[in-house]
Amino acid sequence: MSAVQESSDAAVEEKRLALTDDSFDQISRPEGVWRDYELKCNLINKCFQEEIRFGRYQCQLFVLTGLGWFVDNLFFQAVVVALPQVQREFNPVRIEYAVLAEFAGLLVGSTTWGILADGIGRRLSFNITLFIGGLFGMAAGAAPNFVIFSSLIACLGFGVGGNLPVDGALYLEHIPQSHQWTLTLLSVWWAVGQLVASLIIWVFIANFSCDPSVPSGQCPRSDNMGWRYAMFTLGALTFSIFICRFFIFDVQESSKFLVAQGRDEEAIEVLEHIARRNGVSLTLKLEDLQAVSNDTTSKPTPKLSTNVRNAFSTLSLSHIRPLFSSRRLAINTTLIIIIWGLIGIAYPLFNTFLPLHLAAQGMVSGSSNAGEAYRNYSIISIFGIPGSFIACAAVDYTRNTGRWLIGGRKLTMTVSTMLTGIFLFLFTTSKSTAAVLGYSCITTLAQNAMYGVLYAYTPEVFPAPHRGTGDALCAALNCIGGFSAPLIKIFTTPLNGSASATSVNSPVFVSASLFIFAAILIILLPIETAGKMAL
């Protein structure tokens, strides 16, 4: 054996031994994955941290994944804000049925795309969701009746339902540990999506809508084109983002997904591509990954049809069982799924019907048009943006007291979720326009801080081979909760779906109570991910 070969083998062995020493305890979850994957993942994490770093590729990916979150809330808020005008034109028995349809689509979409992300990879789901969202978003603007409108909204939800879990996972798997806090910062795009939707719909509805004095069902389409123009605009905007993702920016598959599939050679190609984009060199070699498992073979790229079939045929327990592989991980997985379900009920109980709440609480103040109500809704939307920055500043701050680790993701989530519930309780005591607007603004700030950390913590706490499925379970229960929110409102408001100043408080009380309960459960989560590498 030559001296060069001996030196190479020694270098590989040195890297392998290093994984079992100081760097090994930096991995955030030793449970739920096999050891070979864990060691390879640690090599990749060190490569991102010490060589690739956070550069040009990560900045561009931050924008593109952020735009996915932007679109998710863009259409959610568009449907929310357009509900009063849709009700005035179509006069459905219950306007809440549109929200039920939206959450049904989100439920199927988030589950489908999350499972596929673990079966066929993140890249396809990352690209196709916005195509579906843009297509059905524009189609919803042309709906001739309420049934078709609700059906198209359900298809829209199926498309955008995968944005948050898939985009967050893909982004997390392409950044170094030192910049995992930027996953929380992604939530600022969620807040901007709400603001942009509010502004666009405000402009169109304020100028192209029936007078509020016109009874529901007597508002002709020609006089009520505002919400339709808004859906056309938002659909076109979503299509432009899809074009940027698919045709302009070369999104790479997750290297952690590839090594989990045994495709080490492709993983190295991805890392080399990212290193070139960042203008740095890469020392990690294919031999380094293969030395971990003592296997010099690399699996070929499987056909897409085979991947899709396998993703669902092995759905039974192949990606679910590892999420409960130890007592600690099982408790954490169970609690985080329940927390997502509780917030899934609580959030839409207030936010989905906020425009109706504002009108019921006198936000229009006798105005002859809807402009003032939508202006106030836009003001409320602005306050979600600083919530993201506040959460971002707090998520990585921890203090070790010896026995307890104080701070980090869990404390930030607990405080923001608790404050959300408290301010919602205070909202129900509002007696003036200023009080309603003020409590709505501060509630939105606390909510967005909560969601920012929750959307960062959830993918961090699941290992990459099962991250898509874990995110899908959380998103599914969240959507099931969201599906039940309109049902709660149906049983607590009059038959026509309208809300009076007194009846509006019933669902808000339920929402506030659920947020408080969710905050208590967050305290019980056994895993803190602050300062740790995500597998």
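Preceding this paragraph is the structure being described.
Sequence order as written defines the numbering, with residues in each chain counted from 1. The predicted origin of the model limits local features to residues at a pLDDT of at least 70 and limits the giving and counting of side-chain atom pairs to 80 or more, whereas totals for whole chains, interfaces and linings rest on all residues. Calculation of side-chain values draws on the structure's entire complement of heavy atoms; hydrogens and water are dropped beforehand.

### Comments concerning the overall build of the protein chain
What counts as a helix is a DSSP run of H or I of at least four residues, what counts as a strand is a run of E of at least two, and both are numbered from the N terminus. Looking only at helices and strands, one finds 22 helices and two strands in the protein chain. Residue burial is assigned from relative accessible area. The probe radius is 1.4 Å, only protein chains are included, and a residue is buried under 20% of its type maximum, exposed over 50%, and partly exposed in between. Burial statistics for the protein chain: of 535 residues in total, 59% are counted as buried. Every accessible area reported is derived by Shrake-Rupley at a probe size of 1.4 Å, with residue values counting cover from the shown protein chains alone. For the protein chain, the exposed area adds up to about 19,900 Å²; of that, 64% sits on carbon and sulfur atoms.

### Things to note about the packing of helix α19 (residues 408-427) against helix α22 (residues 505-523)
Orientation is described by axes fitted as lines to C-alpha atoms, over the contacting stretch for helices, and by angles from 0 to 180 degrees between their N-to-C directions. As a packed pair, α19 and α22 sit with axes 8 Å apart at the nearest point and diverge in direction by 160°. If you check the angle between α19 and α22, you find them roughly antiparallel. Pair α19 / α22 crosses with left-handed handedness. Residue-level contacts link K410, M413, T414, T417, M418, T420, G421, I422, L424, F425 and F427 of α19 to V508, F509, S511, A512, S513, F515, I516, A518, A519, I522 and I523 of α22. Gly is placed with the polar residues, together with every amino acid not listed as nonpolar (Ala, Val, Leu, Ile, Met, Phe, Trp, Tyr, Cys and Pro) or charged (Asp, Glu, Lys and Arg). Residues of the contact of α19 with α22, tallied by class, amount to 15 nonpolar, six polar and one charged. Each angle receives one of four descriptions, namely roughly parallel if under 35 degrees, roughly antiparallel if over 145, roughly perpendicular if within 65 to 115, and oblique otherwise. Crossing handedness is read from the near helix: turned anticlockwise from the far helix by less than a right angle, it gives a left-handed crossing, and turned clockwise, a right-handed one. The contact definition used throughout considers only heavy atoms, calling two residues in contact when any of these lie within 4.5 Å.

### A look at the nonpolar core
Working definition of a nonpolar core: buried Ala, Val, Leu, Ile, Met, Phe, Trp, Tyr and Cys residues. They are joined through side-chain atoms within 4.5 Å. F149, I336 and I343 are the most contacted members of the largest nonpolar core, which has 133 residues in total. For this core, the leading source of residues is helix α3 (residues 56-90), giving 19 residues. In this view, I336 contacts L454, Y457, T458, F462, C474 and L525; residues no more than four positions away in its chain are not counted.

### So, the packing of aromatic side chains
Two aromatic rings, taken as a pair, are described by how far apart their centres are and by the angle between their planes. Stacked, edge-to-face and tilted are the three classes for Phe, Tyr and Trp ring pairs, Trp counted by its six-membered ring, which pair at centre distances within 6.5 Å; planes under 30 degrees apart are stacked, over 60 edge-to-face, the rest tilted. Tallying each qualifying case throughout the model produces 27 aromatic pairs. Aromatic pair W190 and Y455: ring centres 6.3 Å apart, planes at 45°, arrangement tilted. Remark: Y455 occurs in helix α20 (residues 433-461) and W190 occurs in helix α9 (residues 187-207); sequence separation between them is 265 residues. Overall, the relative accessible area of 7% leaves W190 in the buried class. With relative accessibility at 13%, the residue Y455 sits in the buried group. Among the aromatic residues, those joined into a cluster by ring pairs are W69, F76, F103, W190, W340, Y347, Y451 and Y455. A ring has a charge above it when a Lys NZ or an Arg CZ is no more than 6 Å from the ring centre and no more than 35 degrees off the ring normal. Its end group placed over the ring of F126, R245 keeps NZ or CZ at 3.6 Å from the ring centre.

### Regarding helix α15 (residues 327-351)
Compared with an ideal rise of 1.5 Å per residue, which puts 25 residues at 36 Å, α15 spans 36 Å between its outermost C-alpha atoms and is within 8% of the ideal. Most of α15 sits inside the fold, with 20 of its 25 residues counted as buried. Helix span, expected: 1.5 Å multiplied by one less than the number of residues in the helix.

### As for the pattern of salt bridges
The salt bridge definition used is simple: a Lys or Arg side-chain nitrogen within 4 Å of an Asp or Glu carboxyl oxygen. For the coordinates displayed, the defined rule picks out nine salt bridges. With a closest N to O distance of 2.5 Å, R245 and D167 form a salt bridge. In this pair, R245 is assigned in helix α10 (residues 226-248) and D167 in helix α7 (residues 163-172), connecting sequence segments 78 residues apart. Each member of the pair, R245 as well as D167, is classed as buried.

### Some remarks on unusual backbone geometry
The phi torsion at R53 lies on the positive side, around 60°, for a residue other than glycine. In this structure, R53 sits in the loop between α2 (35-52) and α3. Despite not being glycine, N91 shows a phi value in the positive range, around 50°. Within the secondary structure layout, N91 lies in the loop between α3 and α4 (96-119).

### Quick look at α2
Between the first and last C-alpha of α2 there are 24 Å, a value that for 18 residues agrees with the 26 Å anticipated at 1.5 Å per step. For α2, every residue scored as buried is listed here: Y37, E38, L39, K40, C41, N42, L43, I44, N45, C47, F48 and I52.

### Considering the packing of α3 against α9
Their axes nearest at 7 Å, the elements α3 and α9 cross at an angle of 40°. With respect to α9, the axis of α3 lies oblique. Two packed elements cross with a definite hand, and for α3 against α9 that hand is right-handed. Here the residues of the contact of α3 with α9 sort into 16 nonpolar, seven polar and one charged.

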